[in-house]
Amino acid sequence: MTPAGTVGAAAQVLLVGAGSPLLVGVMRQVRARMEGRAGAGVWQPWRDLRKLLRKEAIAPDGTGPLFRLAPLVLAGTALVVAAVVPIATTASPLDGSADLFAVTALLALGTVALALGGLDTATAFGGMGASREMVVLALVEPTILMSVFALSARVGSTDLGAIVTSTLHRPELVASPASLLAAVALAVVVIAETGRLPVDNPSTHLELTMIHEAMVLEYAGPDLALVEWASAMRLTVLLGLFANLFAPWGIAGASLVMLPVAVVVFTVKVALLGGALAAGEVFMAKLRMFRVPELLAGSFVLAVLAVAASFFLV
Amino acid sequence: MSGASALASGGSALVSGGSVTGVAFAVAMGAGLAGAVAGTWLPRRVRPLGAGVGTAVSGAAGAVAGVAAVAGHPWSAWLPDVLPLAGARLTVDALGGLFIAVTGVVGVCAGVYGIAYCRPHRSHALDGRAVQAVTPLFLAAMLLVPAAASVSTFLLAWELMAVGSLVLVLAEHRHRASVREAGLWYAVMTQLGFVVLLGGLAGFAAAAHGESFARLREAGGALSPGVRAAVFAAVFAGCASKAGVVPLHVWLPRAHPEAPAHVSALMSAAMVNLGVYGIVRVGFDLLGGGPAWWWLMVLAAGAGSALYGILQATVATDLKRLLAYSTCENMGLVLIGVGAAGLLGHAGARTLAALAMTAALLHLVNHSAFKTVLFLAAGSVVRAAGTGDLDALGGLRSRMPVTTVLFGLGALGASALPLGNGFVSEWLLLQGLVKALGSGGTAVAVTMPVAVAVVALTAGLAVATFVKAFGVGFLARARSVKAERAEESPPAMLAGTALAAAACVVLALGPVAVLPGIAGAVRVMLPGPDAVTGPVTLRLHGVASTLSPLWIAVALVVVLAVLRMTVTRRARRRARLWDCGMGPLSPRMEYTATSFAEPLQRVFDNVLAPETDLRVTPLEESSYLVESVTYRARLGDRIEHRLYRPVIAAAGWFGDVARGLGNGSVHRYLGYGFCAFTGVLIVLAVTR
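Computed from a predicted structure; not experimentally measured. (Residues numbered from 1 in each chain as written. Chains lettered and ligands numbered in written order. Predicted model: local features only at pLDDT ≥ 70, side-chain atom pairs only at ≥ 80, totals over all residues. Heavy atoms only, no water.)

A. Representation of the overall build of chain B. When helices and strands are tallied, chain B shows 26 helices and nine strands. Its C-alpha atoms give chain B a radius of gyration of 27 Å, near enough to 26 Å, the size a compact globule of 688 residues would have. Here the C-alpha coordinates of chain B stretch approximately 90 × 75 × 65 Å along the principal axes. Here chain B holds 688 residues, and 58% of them are scored as buried. (Helix = DSSP H or I, 4+ residues; strand = E, 2+ residues; numbered from the N terminus. Rg over C-alpha atoms; globule rule 2.2 N^0.38 Å. Buried < 20%, exposed > 50% of the residue type's maximum accessible area, 1.4 Å probe, protein only.)

So this is what it looks like as structure tokens:
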């Protein structure tokens, strides 16, 4: 446990915690401008969070302790993941505690908590959202693990720090067929996991088409603030993970001096990725619920090809 | 259990090895017998107490014996007077000890639970002599199976276990007709499995010229490949039917919903393990490993079982049926690990083989822990609400808070999420499979990605399954009057379940507590260094991945506490749920288990092939106006339908035709006798 690693991990948590609403703001602003609207500005998500936090806490009729616990678990898992994954440093003291499998499982734990919270409301919308979210989760899992498989095959480890460091040492590996196929597969996974178009529409107002929003329909005030904040953090972490798995340049190893640089570089990378995602969403419509499995099956096939390529083409 | 009496009487018995192990094992057998006596002779009122204490003591002593054997005190005994001709041979080594310890702990939980569960409650009573006397005997037989060290002892214990469990499955045959059908399925499957196992092991013993395991071990490697393959195939088929591996699983989803809860726990958390025990004992220890196709067969059976089991569990609406299918799934995962270990062992990658085997055995232990919790908690629910149908449950969190928390812990383990115990073993399994890619040629390179994909999809669907089981069954509002009136279980039932839940927590946070024991068991089969080391952070031998479940848990709890104290500390105001302005919501509007699983059912339509029937009755006046709509959906077991129904139909047809042979005429029977006798004489004359 190096001091640089500890400082780096703390910086990561702060960066993700404070920066993720800004990322959402940037994405909304990009989208608004491309659609010819003025947009509310990048600070709007932060203003929303502040407003929600000042509101009164609500206990809807008939909900139990799990309903209240779910937003905490969702935000908690996102924060722990932010401390673990190599965002700004590869030397996080928690890096050895959780590898890529554990990170995806931790994110799944947050999703499960929210789904249980949705079921706990005993409304049709809560159950519907939970059911749909579980379908997406169950079908995304094979793609994630196969992509992890493809990425770890060349390193011999599923530890995130090890994968990122090895890419730093041998940058030509990023252009290998295995890596490119895994990148496409993981991109689909990131979109599905964060509930973006075309899998889910984060700005929908029609309950029948909702996935994520249907689960959180009953949350209000500070609870809703936590859920929104956690969703933004998950988006940031997943985009950041994606960026650093395939383009880790600029990340700090175990040196303190590099850390501010790494933070800036990471911010730029994630802002670019988020902007691209938002720009892509302008031209896309949401898929029908029962077309989503086809999309995920496609990404699974790519992941399988990535594994095959990592074995046969190296 | 007869071993105990012979030990007491001494005779010409030959005993060697660790005294702790031997004494504890004898106590386990003696307590099992005493429990059976108590269950037979005590008056009805205290009978469950006597039998339950006997079961629990037997289980505890068994656990001590198993742990002592795993810790390096093996024990063996030869009791020539116990069985005619062969005598009984017992050996408790590290591998057998692991299974004995797991069975013992499950026995303790089931025994304590049974004390209260078997007392009369509403219409159901399990304090009859048969159930009470057989439960401890069943546990003793299960403890005996991994201790057997000769073919005859093994088969005897195996059959005792099978018959014991059959009697227990039939416990409530007077109350429900479905129990009789389940019992019939179970009896046929378990006895057919026994016949195949008997054939395989008898053939093995004949070829090896001796029936003690020591002799088989010596001769196993030198037999001809054909004999070895036949022995392994027969043992695999026999044991797979006991482990509930698809397609030999059909008895499991029938027997579990009908059996009493503590019996379900014993069967699903301890008995199915012994199927795996038979496979690894014969395949690795006695036969010393085998060619790649054996293990590919095991792996394929495991993968099929894992996927099919979890798919059926995803769409199951009966709580205990869901758990039974989840057992198919988890045994499949264990067999994936066993198959991978065999394959890698064959390819010469010893370290990785040991890792895969460690993962398989750890998953087996984890499965026993969480499945005990889940079945016992499910039993509490069925007892309190009078139904295990998830579509009629809900809202139990306020009526049965302790059971809800315990079931939640078990479900967390079963869904392989962090903080649950299943996560650690699935993580190890994935590490073994991922790392195996480059070591073992094309067969391995093709198999491992498929296996990883299967494990991944299984993990995803398991999450959905247990979110459904817990979220629909325990959270939200009660969907029926029965569920609304459910009451918390008595303390003994909660204590039995809580004990198993405590084991889950220990396994989840400190798997290192059991890993040395598992390493000892693995060393019996695959000698070499331990695959997993490290006190808090798990480090793998030969793989550069690490994991520390304890640190993850600590980090998560700290963050949760901070968030709780800063963000959501204010008092809450009650408010109405969002009902689209239509007035209060009724429980009829809730999502049920069926509706929850509907999207997944639709995605896997081709595999599950649900039968749906939609009938629209129009009004007489106009065909455009609907009078009534009936919709019926049925989700059967497709393998049962496609594979077993034709066989059963053929057997029935054969029976009908054969009935024509016996029309009551004595002359005809004499004629049959004459023809048969002459036929035998002719055969003898020709062949001699």
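The rest of the description comes next.
B. Focus on empty space enclosed by the protein. A complete count under the given rule lists eight cavities of 30 Å³ or more for this structure. The calculated volume of the largest cavity comes to roughly 160 Å³. Taken together, 18 residues line the largest cavity, and the ones lying closest to its centre are A:Ala105, A:Glu141, B:Ala416, B:Phe423 and B:Ala459. The set of elements that each furnish at least two residues to the lining of the largest cavity consists of helix H4 (100-120) and helix H5 (124-153) of chain A together with helix H17 (421-435) and helix H18 (441-474) of chain B. The residue inventory of the lining of the largest cavity, partitioned by class, reads 13 nonpolar, three polar and two charged. The space that makes up the second largest cavity amounts to roughly 140 Å³. Around the second largest cavity, the lining is made up of 15 residues, and of these A:Thr104, A:Ile144, A:Leu186, A:Leu238 and A:Leu241 lie nearest the centre. (1 Å grid on protein atoms, 1.4 Å probe; cavity = no way out; pocket = protein on both sides within 12 Å on 5 of 7 lines; lining within 4 Å. Points joined across faces, edges and corners; volume = space filled by probe spheres on them. Nonpolar A, V, L, I, M, F, W, Y, C, P; charged D, E, K, R; others polar.)

C. Representation of the pattern of salt bridges within the structure. Taken as a whole and assessed by the stated rule, the structure comprises 26 salt bridges over all chains. Two residues, A:Arg170 and A:Glu172, come together in a salt bridge whose shortest N-O distance is 3.4 Å. With relative accessibility at 45%, the residue A:Arg170 sits in the partly exposed group. Judged by its relative accessible area of 49%, A:Glu172 is partly exposed. Residue B:Asp285 pairs with B:Arg217 through a salt bridge whose shortest N-O separation is 2.9 Å. Of this pair, B:Asp285 sits in helix H11 (residues 261-286) while B:Arg217 sits in helix H8 (residues 213-220), placing them 68 residues apart in sequence. For B:Arg217, a relative accessible area of 37% puts it in the partly exposed group. (Salt bridge = Lys/Arg side-chain N within 4 Å of Asp/Glu carboxyl O.)

D. The layout of surface pockets, seen in detail. Residue and element names in this part refer to chain B. Of the pockets and cavities examined, the second largest pocket occupies roughly 960 Å³. In terms of lining residues, the second largest pocket is bounded by 38 residues, among which Arg 321, Ala 633, Arg 634, Leu 635 and Gly 636 are the most central. The element contributing the most residues to the lining of the second largest pocket is helix H23 (residues 593-603), with six residues.

E. Molecular detail of the packing of helix H14 (residues 350-385) of chain B against helix H16 (residues 401-414) of chain B. Residues and elements named next belong to chain B. Orientation of H14 relative to H16, taken along the N-to-C sense of each, is 145°, at an axis distance of 8 Å. For the crossing formed where H14 meets H16, the hand is left-handed. Residues Phe 370, Val 373, Leu 374, Ala 377, Ala 378, Ser 380 and Val 381 of H14 form the contact with H16, whose own contacting residues are Thr 403, Leu 406, Phe 407, Gly 410, Ala 411, Gly 413 and Ala 414. Grouping the constituent residues of the contact of H14 with H16 by class yields 10 nonpolar, four polar and no charged. (Axes fitted to C-alpha atoms, helices over the stretch in contact; angles between N-to-C directions. Left-handed = near helix turned anticlockwise from the far one by under 90°. Contact = heavy atoms within 4.5 Å.)

F. Spotlight on the pairing of strand E3 (residues 88-92) of chain B. Residue and element names in this part refer to chain B. The two faces of E3 differ: Ala 88, Leu 90 and Val 92 on one face are buried, but Arg 89 and Thr 91 on the other face are not. Relative to E3, strand E2 (residues 75-79) runs antiparallel, the two being bridged by five bridges. Within E3, the residue paired with Ala 77 across the bridge is Leu 90. (Pairing = 2+ DSSP bridges.)

G. The arrangement of the packing of H16(B) against H18(B) in detail. Residue and element names in this part refer to chain B. As a packed pair, H16 and H18 sit with axes 9 Å apart at the nearest point and diverge in direction by 170°. With respect to H18, the element H16 is oriented roughly antiparallel. Contacts from Thr 403, Thr 404, Phe 407, Gly 408, Ala 411 and Ala 414 of H16 reach H18 at Ala 462, Phe 466, Ala 469, Phe 470 and Phe 474. (Parallel < 35°, antiparallel > 145°, perpendicular 65-115°, else oblique.)

H. Molecular detail of the side chain of A:His212. Structurally, the position occupied by A:His212 is in helix H8 (residues 212-215). In contact with A:His212, other than residues within four places in its own chain, are A:Leu114, A:Glu133, A:Asp200, A:Val227 and A:Ser231.

I. Structural context of H17(B). The terminal C-alpha atoms of H17(B), which comprises 15 residues, lie 22 Å apart, in line with the 21 Å expected from a rise of 1.5 Å per residue. Among the 15 residues of H17(B), 14 are classified as buried, and the element is accordingly described as predominantly covered. (Expected span 1.5 Å × (residues − 1).)

J. Quick look at the UniProt feature "transmembrane region" (unreviewed entry) in chain A. Residue and element names in this part refer to chain A. UniProt's feature table lists "transmembrane region" (unreviewed entry) at residues 6-27, 69-88, 100-122, 134-153, 173-192, 232-251, 257-283 and 295-313, given in the numbering used throughout. In the segment residues 100-122, helix accounts for 91% and strand for 0%; the C-alpha atoms at its two ends are 34 Å apart. As a span, residues 257-283 carries 93% helix and 0% strand, and end to end its C-alpha atoms are 42 Å apart. (UniProt positions renumbered as here; feature names shortened; annotations may be inferred.)

K. Highlighting the state of the cysteines. Across all of its chains, the model carries zero disulfides over all chains by this definition. No disulfide involves B:Cys118; its sulfur sits 15 Å from that of B:Cys109, the nearest cysteine. (Disulfide = S-S within 2.5 Å.)

L. The arrangement of the interface of chain B and chain A in detail. Contacts between the two partners involve 71 residues from chain B, matched on the other side by 76 residues from chain A. Between chain B and chain A lies a buried interface of about 6100 Å² when both sides are counted; carbon and sulfur atoms form 74% of it. Looking only at chain B, the three residues that lose the most surface to chain A are B:Arg572, B:Leu577 and B:Tyr591, adding up to 11% of its buried area. Our count for the chain B to chain A interface comes out at four salt bridges. (Buried area = accessible area lost by both parts, 1.4 Å probe.)

M. Here's a closer look at a nonpolar patch on the surface. Residues and elements named next belong to chain B. Together, Val 405, Leu 409, Val 505, Leu 509, Leu 550, Trp 551, Val 554, Val 558 and Val 562 make up an exposed nonpolar region whose accessible area comes to about 690 Å². Elements represented by at least two residues in the nonpolar patch include exactly H16, helix H20 (491-509) and helix H22 (549-566). Look at Val 562 and you get partly exposed, because its relative accessible area is 45%. (Patch = residues over 30% accessible without salt bridge, like charges linked within 9 Å, V, L, I, M, F, W, Y side chains within 5 Å. Areas by Shrake-Rupley, 256 points an atom, 1.4 Å probe, with all protein chains shown as cover.)

N. Structural context of the packing of aromatic side chains. Scanning the entire structure with this criterion turns up 19 aromatic pairs over all chains. Geometrically, the ring pair formed by A:Phe67 and A:Tyr219 is stacked, given 4.3 Å between the ring centres and 5° between the ring planes. In this pair, A:Phe67 sits in helix H3 (residues 65-84) while A:Tyr219 sits in the loop between H8 and helix H9 (221-246), placing the two residues 152 residues apart along the sequence. Accessibility classification places A:Phe67 together with A:Tyr219 in one group, the buried group. An aromatic cluster is defined as three or more aromatic residues linked by ring pairs; in this entry it consists of B:Phe232, B:Phe236, B:Phe284, B:Trp293, B:Trp294 and B:Trp295. The lysine or arginine in question, B:Arg602, covers the ring of A:Phe290, its NZ or CZ lying 4.0 Å from the ring centre. (Phe/Tyr/Trp six-rings, centres within 6.5 Å; stacked < 30°, edge-to-face > 60°. Lys NZ or Arg CZ within 6 Å of the ring centre and 35° of its normal.)

O. Region of interest: unusual backbone geometry. A cis amide bond, omega 5°, links A:Leu197 with the succeeding residue A:Pro198. Summarising the element assignment, A:Pro198 is placed in the loop between helix H7 (177-193) and H8. Positive phi, close to 80°, is recorded for B:Leu419, a residue that is not glycine. Among the secondary structure elements, B:Leu419 is positioned in the loop between H16 and H17. The residue B:Cys580 is not glycine, and still its phi comes out positive at about 60°. Tracing the sequence through the fold places B:Cys580 in the loop between strand E7 (572-575) and H23.

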